[in-house]
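Residue strings, one per chain:
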Protein chains: 2
Amino acid sequence: MESIIYLIPLLGLSALFYSVVKQSWISKQSSGNEKMVKISKYIRDGAIAFLKTEYKVLLWFIIIVAILLGFANEGNTDSSWLISVSFIVGALCSGLAGYLGMIAATKANVRTTEAARKGLGPALEIAFSGGSIMGMNVVGLGVLGLSSLFIIYSNLDWDIFKVINVLSGFSLGASSIALFARVGGGIYTKAADVGADLAGKVYEGIPEDDHRNPATIADNVGDNVGDVAGMGADLFESYVGAIVGTMVLGAVFVTPDVPELKLEAVILPLLLAGIGIVLSIIGSLFVKVKEGGNPQKALNTGEFGAAGLMVVASYFIITTVLPETWEYNGFTYTSLNVFFSTIIGLAAGTLIGLITEYFTGTEYKPVHNIAKQSVTGSATTIIAGLGVGMNSTALPVIIIAASIIGAFEFANLYGIAIAALGMLSTTGIQLAVDAYGPISDNAGGIAEMAELPSEVRGRTDKLDAVGNTTAAIGKGFAIGSAALTALALFSAFMLQAEISVIDLSKPIIMGGLFIGAMLPFLFSSLAMGAVGRAAKEMILEVGRQFREIKGLREGTAEAEYSKCVAISTRAAIKEMILPGLLALIVPVIIGFASKEMLAGLLAGVTASGVLMAIFQSNAGGAWDNAKKLIEGNFEIDGTVYGKGSEPHKASVVGDTVGDPFKDTSGPSLNILIKLMSVVSLVIAPLIK
Amino acid sequence: MESIIYLIPLLGLSALFYSVVKQSWISKQSSGNEKMVKISKYIRDGAIAFLKTEYKVLLWFIIIVAILLGFANEGNTDSSWLISVSFIVGALCSGLAGYLGMIAATKANVRTTEAARKGLGPALEIAFSGGSIMGMNVVGLGVLGLSSLFIIYSNLDWDIFKVINVLSGFSLGASSIALFARVGGGIYTKAADVGADLAGKVYEGIPEDDHRNPATIADNVGDNVGDVAGMGADLFESYVGAIVGTMVLGAVFVTPDVPELKLEAVILPLLLAGIGIVLSIIGSLFVKVKEGGNPQKALNTGEFGAAGLMVVASYFIITTVLPETWEYNGFTYTSLNVFFSTIIGLAAGTLIGLITEYFTGTEYKPVHNIAKQSVTGSATTIIAGLGVGMNSTALPVIIIAASIIGAFEFANLYGIAIAALGMLSTTGIQLAVDAYGPISDNAGGIAEMAELPSEVRGRTDKLDAVGNTTAAIGKGFAIGSAALTALALFSAFMLQAEISVIDLSKPIIMGGLFIGAMLPFLFSSLAMGAVGRAAKEMILEVGRQFREIKGLREGTAEAEYSKCVAISTRAAIKEMILPGLLALIVPVIIGFASKEMLAGLLAGVTASGVLMAIFQSNAGGAWDNAKKLIEGNFEIDGTVYGKGSEPHKASVVGDTVGDPFKDTSGPSLNILIKLMSVVSLVIAPLIK
C-alpha cells in the first residue's frame with residue numbers, strides 16, 4: 001500500500017503537463033489588432049514588473065527566515081537545515097505558481113477579447129483555459145513538491161513526526177509567500193482601482209476604463225497581480241495547509257498501538273489531492289459552450305461534475321486505503337466515518353457558498369435592501385452594507401461550529417482535518433473558475449480601451465457575469481476550509497508542543513485569546529490604511545498628468561501609464577511588509593513567552609479572523625452588486641434609477657468602500673489565521 | 001466588622017437625598033420665555049411618553065421572566081421565588097434610575113439654556129447638577145437595593161453561595177432592563193438623529209436643529225432617552241454587575257479553610273461602592289466655574305479629585321477590612337495585593353480612556369487623517385474611519401489582557417473582579433459628567449429652536465465641547481470594566497456551574513467560542529438595521545409634512561412634531577425586542593444543551609464583544625470629530641475647508657455612518673457581554 005506514494009508525484013506532474021499544453025495552445029491564438037497588442041503589452045509588462053519587484057523583496061525574506069529556521073533548529077535535531085530546505089521549496093513553488101498563472105492570464109486576456117469578436121464560445125474557451133493553467137499549476141506544484149519532499153524525508157530513517165515537522169516548513173513557505181502576495185496584490189489592485197475610479201470622478205468625469213485615465217493600466221495590472229497571482233498564492237497555501245494538517249494528524253496513528261495502520265493515514269491526503277487533480281482535468285474538458293449557449297451551465301458542469309466524481313472516488317479511496325476500523329487513544333475510527341467527515345466538509349463548504357451567494361447576489365433581499373437604502377444617500381447605503389456584512393456571519397459560523405463538532409464526532413481531529421481537505425480536493429478546477437473571472441474582466445477592459453464595437457464588450461460582460469455562483473461556492477470553500485485547516489493545524493501544534501489542555505479559565509490563556517482576537521482588526525486596519533494612502537497618491541498623480549500633459553483631456557496625447565503603475569507597485573511593496581511581519585513575528589514572541597498564551601492567541605485569531613473575513617468579504621460583495629443592480633436600472637418606491645442617478649452615486653460610494661474590504665483585508669485574513677497556526681506548528685518543537 | 005453592612009444602605013440613601021435636594025433646586029430655576037417653555041415641554045412629554053411605552057412592554061417581560069425564574073428554581077431550592085424578587089427589584093431600580101435621571105435632564109436642559117443667557121458659570125452649574133442627579137440616583141439605588149437585599153437574605157440562615165445566587169437575580173434584572181433601554185434608546189435617538197439630518201438635506205436644505213424640521217423634537221427627545229436614560233441604565237448595570245461579581249468571588253473565602261475571613265471579602269465591594277458615593281458627592285461640590293473660567297478644569301477637579309480621594313480611601317478600607325494575609329486553594333492573598341488590583345483597574349481604565357481620546361480627539365493624528373481623506377470624497381472618509389476604529393482596538397485590548405493577567409497575579413479571580421470595581425467606584429460623579437454632555441447639547445438645541453441670540457448658543461457649545469477628555473475616560477472605564485466584570489461573572493459562573501476546566505481543544509467548546517464570537521456581529525447588524533429602517537420612515541414622514549402642510553417651508557405653520565416622535569417610539573420599541581431576546585435566550589439554550597459549550601460561548605462573546613464595542617465606538621467618535629474639525633475650518637493640502645465645502649459633506653456622511661456605531665450598537669455590546677454572563681450565572685445551579 002505504501003508504495004503508492006511513488007505514484008503521487010506523477011499525478012502532480014500530470015497537472016503541470018496539462019498546463020503546458022494549454023499554455024502553448026493559448027499562445028497560438030490571435031492577439032487582435034495593434035492597439036490591443038500594445039495595451040496588453042502594457043498590462044503584462046506592468047504585472048511582470050510588479051511580481052519581479054515583489055519577489056526580489058521576498059527573496060531576502062526567504063533567505064533570512066531560512067537561515068533563522070536553520071539556526072533555531074540547530075541544537076534541536078539533525079534535521080535543522082532540511083526544514084529550511086522545505087521552507088525554500090514551499091516558498092518557490094508558491095511564487096512559481098503565482099507567476100506562471102499570471103503569465104497565462106495576461107496572455108489569455110487579450111486573446112479572450114479578440115475571440116469575443118467572433119463569439120461567446122471561443123471567448124469562454126480561452127478565458128477558462130487561462131484560468132485552468134493557474135489552477136493546474138497550483139495543484140500540480142503543491143502535490144509534486146509535498147510528495148517529493150515526503151518521499152525524500154521518509155527515506156532518511158527518521159520517525160514520522162520528524163518527517164512531518166520538517167515537511168511543515170513547506171507549508172510555512174507557502175503561507176508566508178501567500179500572505180505577502182495577497183496583501184501586496186490586494187493593496188496594488190485596490191489602490192489602482194479606487195484611485196482610477198475616484199481620479200476619473202474628481203478631475204474629469206472620465207470612467208475608470210477610459211484610455212485617457214492614466215490609472216487605467218494600473219487598474220488592469222491590479223486585476224492580474226491581485227485577483228490572479230494573489231489568489232493563486234492564496235489557494236496554494238490553503239491546499240498545502242489542508243494536506244499538511246491532515247498528514248500531521250494522521251501521523252499519530254503510526255504507533256505500535258495501532259497495528260492496522262502504517263503510513264496510510266499520512267499518505268491518504270496526498271492521494272486524495274492527486275486523484276482530485278485527475279478529476280479536475282476531466283472536469284475542465286467539459287467546459288465548452290456553443291454560440292447562444294449558457295456559459296454558466298458549462299462552468300457548473302465542469303465544477304460540479306468534478307466534485308461529484310470526487311465524492312465517489314473519495315469513498316473508494318478512503319475505504320480501500322484505510323482499514324475498516326481501528327482504535328487509538330480510546331476512540332474507535334472507521335474508514336467509513338472518515339469518508340463521512342469529508343462529506344461534512346463538502347456540505348459545509350457548499351452551504352456557506354450558497355449563503356454567501358444569498359447575501360451578495362443581485363437576485364436576493366440583502367442586496368436589494370442596500371440598493372433601496374441608496375435613495376437616501378451614501379450614508380444609509382454604507383450602514384445597510386455594514387449591517388448585511390455583519391448579519392451574513394451568523395449562519396456560516398454556525399455551520400462551521402456544527403461541522404467542527406460533527407467531523408470530530410466521526411473521526412476525531414483527523415476528521416476535522418480531512419473535512420477541510422474534502423473541500424479543497426478539486427481546487428484545480430475551482431481555481432480555474434475563480435481565475436476565469438478576472439481574465440474576462442480584463443478582456444472587457446481591453447475591449448473598452450481599444451475602443452472595440454460594443455458587442456464585444458457585451459460578450460465579455462456576459463462571461464464576467466456568470467460564474468458568480470461558482471465563485472461564491474469557491475469563497476465558501478475558502479472560508480470553511482480556512483477555519484477547519486486552522487483548527488487542524490492548531491491541534492497539530494498542540495500535539496507537537498505537548499500541550500494537552502488549553503484551559504480558558506487561566507488568565508494567561510484568556511489574555512492570549514483577547515490579543516489573538518484583536519489581530520484581525522489591527523491587520524485589516526493596516527491593509528485598509530495602505531489602500532487609502534496609495535489611492536490618494538494615485539489620485540494626485542492623475543491630477544498632475546491632467547494638468548501637465550497637454551492634449552490628454554482631449555485624447556490626443558497619451559497618458560503616462562507607467563507612473564501610475566510605479567505608484568501602485570511601490571505602495572504595495574512598502575505596505576505589505578508590516579502586516580506580513582505582524583503575522584509572522586507575533587506568534588513567535590508570544591510562543592516563547594508562554595506556549596499556553598500562544599494557544600489562546602491562535603484560538604482568538606481563528607474565531608475573530610473567520611468572522612472579520614466573512615463580514616468584510618460579504619459586505620464588499622453586496623455593495624458591489626447593489627451598484628450593479630442599480631446600473632441595470634432598478635425600481636425603488638415606484639421610480640426607476642439607473643447609471644448616473646443620485647442612488648447610483650451613493651451605490652458607487654458603497655462599492656468603493658467595499659473594494660479594500662473584499663479584495664484586500666477580507667481575503668488576507670484567511671491566510672493570516674493559517675499562517676499563524678503554521679508558524680506555531682513550526683516553532684512547536686522549540687517551545688515545548 | 002460584619003455589622004458595618006448595616007451602615008451601607010445609609011450611604012445609598014445619602015445619594016438619593018443629594019439628588020432630591022438638587023432636583024428641587026433645579027426646579028426653582030427659571031425656564032425662560034414662553035417659546036422655550038413650550039419647546040422644552042414638547043421634549044419632556046416625548047421623552048416621558050417613550051419611557052412609559054417602553055416600560056409597559058418591559059413590565060410584561062419582567063413578569064414573565066420572574067415567573068419563569070421562579071418555576072425553574074422551584075425544584076432546586078426553597079429560595080426559588082426570592083430570586084424572582086431580586087430580579088424584580090433590580091429591574092425596577094434600573095428603570096427608576098433611568099426615569100428619574102431623565103426627568104432631571106429634561107428639566108435641566110431648558111434651564112441651562114436660560115442660564116446661558118446670563119453666563120457660562122450658571123449654565124455649567126445647572127447642566128452639571130442635572131447630570132449629577134442621574135449619577136446619584138444610579139449609585140444610590142444600586143447600593144441601597146443590593147445592600148438591603150443582602151441584609152435580608154443573610155438573615156435567612158442560608159449558606160453564602162445561596163445568598164449570592166439569589167442576589168444575582170438583582171444583577172440580571174438590572175442587566176436585562178439596561179440592554180433593552182440601551183438598544184431601544186439607541187435606536188430611538190439615532191433614528192431621529194439620522195432621520196432629522198438626512199430629511200433636512202434631502203428635502204429642504206434645512207439644518208437638523210431648525211424649528212421647521214418636523215423631526216427636530218424627536219431628535220432632542222432622543223438625546224434624553226438614549227444618551228441620558230439609556231446610559232443611566234447602562235451604568236447602573238455595570239456598577240451592579242461589578243459589585244455582584246466581586247461578591248460572588250469573595251464568597252469562596254467563606255469556608256473553615258480560611259479562618260481569617262468571614263464575610264469581609266463579600267461586603268468589601270459594597271463598602272467601597274458606598275464610600276465612593278460620599279466621595280462623588282464631595283467631588284461634585286468642587287464643580288464650579290466663574291465667568292471666563294474654564295469649565296473643563298472644573299469638571300477635571302471634580303472627577304479626578306474624587307478618583308484620587310478614592311484611591312486613598314480604598315487603601316485604608318481594604319487594608320482595614322481584610323486580614324493582612326490569608327491562604328486559599330494554594331494561593332496566598334494579601335490585603336495590599338487586593339489594593340494593588342484596584343490600582344491596576346484604575347490605571348487600565350485611565351489608559352484606555354487616554355487612548356480613546358487619542359483616536360477620537362480633534363487634536364490628534366487619527367482624526368486629522370480622516371479629515372484629510374475627506375478631500376477625495378465620502379468613500380475614502382469611510383475607509384479611513386473604519387481603519388481608525390479597527391486600529392484603535394489594539395492597545396486597549398493589550399491593556400485589558402495585561403490587566404487580567406496582572407490582577408490575577410496579585411489576587412487571583414478576586415483581583416480581576418475588584419479591578420473592575422476599582423474603575424466604577426466613583427460612578428456617581430463619572431456619570432454626572434457623562435450626562436452633563438447631552439444636557440448641554442439639548443440646551444443648545446433649544447437655544448437654536450427658540451431663536452435665541454447666537455451668544456447663547458456659543459456658550460452652550462462651549463459647555464458641550466468640554467468634558468471630552470473626561471467623557472473619553474468614562475468610556476475607557478466602561479469598556480475596561482465591562483471586560484473585567486464579564487470575566488469575573490464568567491468565573492463566578494464556572495464556580496456555580498461546577499466547571500473546573502474549559503478545554504479549548506474540545507470541539508464543543510471551540511464551537512461555542514465561534515458562535516459566541518459571532519453574536520456581537522449579529523447583534524450589531526440587528527441594531528444598525530433597525531436604525532436604518534426607522535430613519536427611512538422618518539425621512540418619508542418629513543417629506544409628507546413638507547408636501548402637505550402649507551406654510552411649513554416658510555415657517556408660518558408648525559410642524560407635526562408628535563408624528564415623528566411616534567415613529568421613533570414605535571420603531572425603538574418594536575426593534576429592541578429581537579436583539580434583547582437574543583442576548584437572553586441564546587445562553588439558556590446553549591447552556592441546557594451543554595454547559596461547556598456555554599463556557600466557550602461566553603469567552604467568545606466577551607472577546608469579540610469588547611473588540612466590536614471599541615471598534616464601533618471609536619470609529620463613530622472619530623468621524624464625528626473629523627466633521628467638527630472641518631466645521632471649525634481645517635486646512636488640507638494648502639486649502640482651508642469649512643462648513644458647506646465638499647470635504648465637509650463627505651465628513652457628514654462619515655458622521656452619519658458613525659451615529660449608530662457609537663450610540664446604538666457599540667455601547668450596547670458592553671451590556672450584551674455582561675448580560676450573557678449574568679444569565680449564565682443565574683442558570684448555573686440549574687445546569688451544573
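None of these values were measured; they are calculated from a predicted model.

Colleague: Now, about the nonpolar core: what can you tell me, with residues and values included?
Modeller: Counting residues in hydrophobic clusters, the biggest one holds 536 residues, and the most contacted among them are Ile 187, Met 538 and Val 610 of chain A together with Ile 187, Met 538 and Val 610 of chain B. The contact partners of Val 610 of chain A, leaving out residues within four places of it in the chain, are Val 397, Ile 400, Ile 479, Ala 482, Ala 483 and Ile 673 of chain A.

Colleague: Break down the interface of chain B and chain A for me, citing the residues and quoting the values.
Modeller: Every contact between the two is made by 61 residues of chain B and, on the other side, 62 residues of chain A. Where the side of chain B that touches chain A is concerned, the elements lending two or more residues are α5 (160-204), α11 (378-391), α12 (394-424), α15 (468-496), α16 (507-548), α18 (595-631) and α19 (646-687) of chain B. In terms of residue count, α16 of chain B provides more of the side of chain B that touches chain A than any other element does, 19 residues in total. Looking at the side of chain B that touches chain A residue by residue, the classes come out as 41 nonpolar, 18 polar and two charged.

Colleague: I'd like to hear about the packing of helix α16 (residues 507-548) of chain A against helix α18 (residues 595-631) of chain A, residue by residue, with values.
Modeller: Packed helix pairs are characterised by how far apart their axes lie and by the angle those axes make with each other. Residue and element names in this part refer to chain A. Closest axis-to-axis distance for the α16/α18 pair is 6 Å, and the angle between their directions is 35 degrees. The way α16 lies across α18 gives a crossing that is right-handed. Looking at the contact of α16 with α18, its residues break down into 19 nonpolar, nine polar and one charged.

Colleague: I'd like a rundown of the relation of the copies chain B and chain A, residues and numbers included.
Modeller: Between chain B and chain A, which share one sequence, the superposing operator has a rotation angle of 180 degrees and an axial displacement of 0.0 Å; the RMSD is 0.0 Å. Within this description, the copies of the chain are treated as partners about a two-fold rotation axis. In terms of proximity to the rotation axis, the leading residue of chain B is Asp 503 of chain B, whose C-alpha is 2.3 Å off the axis.

Colleague: I'd love a proper account of the pairing of strand β1 (residues 325-328) of chain B, names of residues and values included.
Modeller: Alignment of β1 of chain B against strand β2 (residues 331-334) of chain B, held across four bridges, turns out to be antiparallel. Residue pairing for β2 of chain B: Trp 326 of chain B is matched across the bridge by Tyr 333 of chain B.

Colleague: Which residues make up the confidence of the model for chain A, and what values go with them?
Modeller: All names here are of chain A. For chain A, mean pLDDT is 89; residues scoring 70 or higher make up 97% of the total. Confidence scores differ between elements of chain A, with helix α15 (residues 468-497) showing the lowest mean pLDDT of 82 and helix α1 (residues 8-28) the highest of 95. Listed scores for the predicted complex are pTM 0.93 and ipTM 0.93.

Colleague: A description of the packing of helix α4 (residues 120-154) of chain A against helix α14 (residues 454-465) of chain A should follow, citing residues and the corresponding values.
Modeller: Residue and element names in this part refer to chain A. With their axes 10 Å apart at the nearest point, α4 and α14 run at an angle of 50 degrees to one another. In terms of orientation, α4 and α14 fall into the oblique class. α14 is crossed by α4, and the crossing has right-handed handedness. Two secondary-structure elements touch here, α4 through Leu 120, Ala 123, Leu 124 and Ala 127 and α14 through Arg 459, Thr 460, Lys 462 and Leu 463. Grouping the constituent residues of the contact of α4 with α14 by class yields five nonpolar, one polar and two charged.

What counts and how
- Residues numbered from 1 in each chain as written.
- Chains lettered and ligands numbered in written order.
- Predicted model: local features only at pLDDT ≥ 70, side-chain atom pairs only at ≥ 80, totals over all residues.
- Core = buried A, V, L, I, M, F, W, Y, C linked by C-beta atoms within 7 Å.
- Buried ≥ 20, exposed ≤ 12 C-beta atoms within 10 Å, placed from the backbone.
- Contact = placed C-beta atoms within 7 Å.
- Helix = DSSP H or I, 4+ residues; strand = E, 2+ residues; numbered from the N terminus.
- Nonpolar A, V, L, I, M, F, W, Y, C, P; charged D, E, K, R; others polar.
- Axes fitted to C-alpha atoms, helices over the stretch in contact; angles between N-to-C directions.
- Left-handed = near helix turned anticlockwise from the far one by under 90°.
- Least-squares fit on C-alpha atoms with pLDDT ≥ 70 in both.
- Pairing = 2+ DSSP bridges.
- pLDDT = per-residue confidence, 0-100.
- Parallel < 35°, antiparallel > 145°, perpendicular 65-115°, else oblique.

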